[in-house]
Amino acid sequence: MPHDAPTLDLLALLPDAWRAALTPHLDPARTAALAEFVAGEYATGMVFPPVEDLFSAYRLCGPTETRVLILGQDPYHRAGQAHGLSFSVRDGVAVPPSLRNVFKELGEDLGVPKPAGGNLSGWAAQGVLLLNAVLTVRQATPGSHANKGWEEFTDATIRALDALDQRVVFLLWGGYARKKAALVTNPNHVVLEAGHPSPMNPRGFLGSRPFSAANKALADAGLPTIDWDRTAG
C-alpha cells in the first residue's frame, strides 16, 4: 500500500469493551483489508454514516449492556439520514418508509403512539444494539459496500453476544438478517425472526409483534424489559 494511502484503524475506533469482545472472532488480515477499503471510500467519495458516527451503535450500547439486537442490512444512503444506528435517522429528518412500518407495528403491538421523529438513540441507551450487517454505504448506492468484509465484522459481533451468559434477544428482520440466526447457538438467547419492515414486504413484518415478544423473553429471564415508547435519547 502506498505510504500516502488513507488509513483507518477500525478496532481503535471501537470502545474498549467491544474491541476486546470482537478481537477473538476477527481475522486480522480481513479486518485490515476492510479498513483499507473503507478508508479509501471515505477519502474519495461521499460515504454514510459520517466516520465519526460509524460505531455509534457500539458506543451507545456496550456488550454486557446489550439486551436486544435489531439487525438491519446497510445504512440509509441519502445525505443526512444515517448516523450509525440501524433503521434510525437523525432528529429533524423525515421518517423513512421502513421505519414508518416499524412504528406502525409498535403501535399495534404495544399501543405506543407514533414517535415525533425517527431517532432511536433512546432504544440504544436501554440496551438495544441497533446494528446493520454492513456498516457503510456510498451515497445513493445501496449495497455498495456489501461483501467487502463488514459481514465478518458484524458476524463477530453476534458471536461475541452469543458467548454471553445473560440473555440477548435477537430480532432478525428480513432474509438477509435471518441468515444470521445460525450464529446464535447459546440456548440462553432467543431469536425472533420476521420479514423486513420495508413497504415492499407488506405481510412479512406487520403483525409479527416483535416488541412484546422481546420483552416477554427478557422478563422470562428475569431481566428488565425495554421501554419501547422511549425512542429519543
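Residues numbered from 1 in each chain as written. Predicted model: local features only at pLDDT ≥ 70, side-chain atom pairs only at ≥ 80, totals over all residues. Heavy atoms only, no water.

With an unreviewed UniProt entry as reference, the protein chain is termed Uracil-DNA glycosylase, source organism Micromonospora chaiyaphumensis. Recorded in UniProt for the protein chain, the comment headed Catalytic activity (unreviewed entry) runs: "Hydrolyzes single-stranded DNA or mismatched double-stranded DNA and polynucleotides, releasing free uracil." According to its UniProt record, the protein chain has this under Sequence similarities (unreviewed entry): "Belongs to the uracil-DNA glycosylase (UDG) superfamily. UNG family." (UniProt positions renumbered as here; feature names shortened; annotations may be inferred.)

Caption draft 1: Broad picture of unusual backbone geometry. With an omega of -5°, the peptide bond between F48 and P49 qualifies as cis. With respect to the helices and strands, the residue P49 is situated in the loop between strand 1 (47–48) and helix 4 (56–60). In the Ramachandran plot, N147 falls in the positive-phi region, its phi being about 60° despite a non-glycine side chain. By the element assignment, N147 lies in the loop between strand 4 (137–138) and helix 7 (150–162). Taking the relative accessible area as the measure of exposure, N147 reaches 69% and is therefore exposed. (Helix = DSSP H or I, 4+ residues; strand = E, 2+ residues; numbered from the N terminus. Buried < 20%, exposed > 50% of the residue type's maximum accessible area, 1.4 Å probe, protein only.)

Caption draft 2: Examining helix 5 (residues 97–110) more closely. Spanning 14 residues, helix 5 covers 20 Å between terminal C-alpha atoms, matching the ideal 20 Å at 1.5 Å per step. S98, L99, N101, V102, F103, E105, L106 and D109 are the residues of helix 5 that are buried. Contacts made by the buried residues of helix 5 are with helix 6 (121–124), strand 5 (169–173) and helix 9 (210–220). Positive phi shows up at G111, right after helix 5, with a value of about 70°. (Expected span 1.5 Å × (residues − 1). Contact = heavy atoms within 4.5 Å.)

Caption draft 3: Just helix 9, in detail. Here helix 9 has its buried residues at P210, F211, A214, N215, A217 and L218. Buried positions in helix 9, seen along its axis, are confined to an arc of 160° and lie on one side of it. Exposed and facing more than 90 degrees away from the buried side of helix 9 are K216 and D220. Residues of helix 9 that are buried sit in contact with strand 2 (68–72), helix 5, helix 6, strand 5 and strand 6 (190–194). Taken from the residues just after helix 9, G222 is the one with a positive phi, measuring 75°. (Arc of directions from axis to C-beta.)

Caption draft 4: Summary view of the environment of A32. Relative to the elements of secondary structure, A32 occurs in helix 3 (residues 28–44). We classify A32 as partly exposed; its relative accessible area is 47%. Taking the C-alpha atoms as reference points, A32 and V93, separated by 61 residues in sequence, lie 34 Å from one another.

Caption draft 5: Region of interest: the nonpolar core. The biggest cluster of nonpolar side chains holds 65 residues, and the ones touching the most others in it are I70, W123, W150, F153 and W228. In terms of residues, this core owes the most to one element, helix 7, which gives six residues. Those residues in contact with I70 that lie beyond four places of it in its chain are S86, F87, W123, V128, L129, L130, L131, L171, W173 and W228. (Core = buried A, V, L, I, M, F, W, Y, C linked by side-chain atoms within 4.5 Å.)

Caption draft 6: Region of the structure containing the packing of aromatic side chains. Evaluated as defined, the whole model comprises 12 aromatic pairs. A centroid spacing of 6.2 Å and a plane angle of 80° characterise the contact between W173 and F211, whose relative ring orientation is edge-to-face. Taken together, the positions of W173 in strand 5 and F211 in helix 9 put the pair 38 residues apart, joining distant regions of the chain. Residues W173 and F211 agree in their burial class; the two are buried. Every member of this aromatic cluster is reached through a ring pair, and the members are F87, W123, W173, F205, F211 and W228. (Phe/Tyr/Trp six-rings, centres within 6.5 Å; stacked < 30°, edge-to-face > 60°.)

Caption draft 7: Highlighting the side chain of Q126. Within the element layout of this structure, Q126 appears in the loop between helix 6 and strand 3 (128–132). Here Q126 falls in the buried class, since its relative accessible area comes to 9%. At a separation of 2.8 Å, a polar atom in the side chain of Q126 contacts the main-chain amide nitrogen of D227. What Q126 contacts, discounting residues up to four positions off in sequence, is R67, I226, D227 and R230. (Polar contact = N/O pair within 3.5 Å; in protein donor to acceptor, adjacent residues only side chain to side chain.)

Caption draft 8: The arrangement of the UniProt feature "active site" (unreviewed entry) in the protein chain in detail. The feature "active site" (unreviewed entry), as annotated in UniProt, sits at D74 in this numbering. Relative to the assigned elements, D74 resides in the loop between strand 2 and helix 5. The exposure class assigned to D74 is buried, which follows from its relative accessible area of 19%. For D74, the residues in contact, after removing those within four places along its chain, are N132, V134, V137, P142, G143 and S144.

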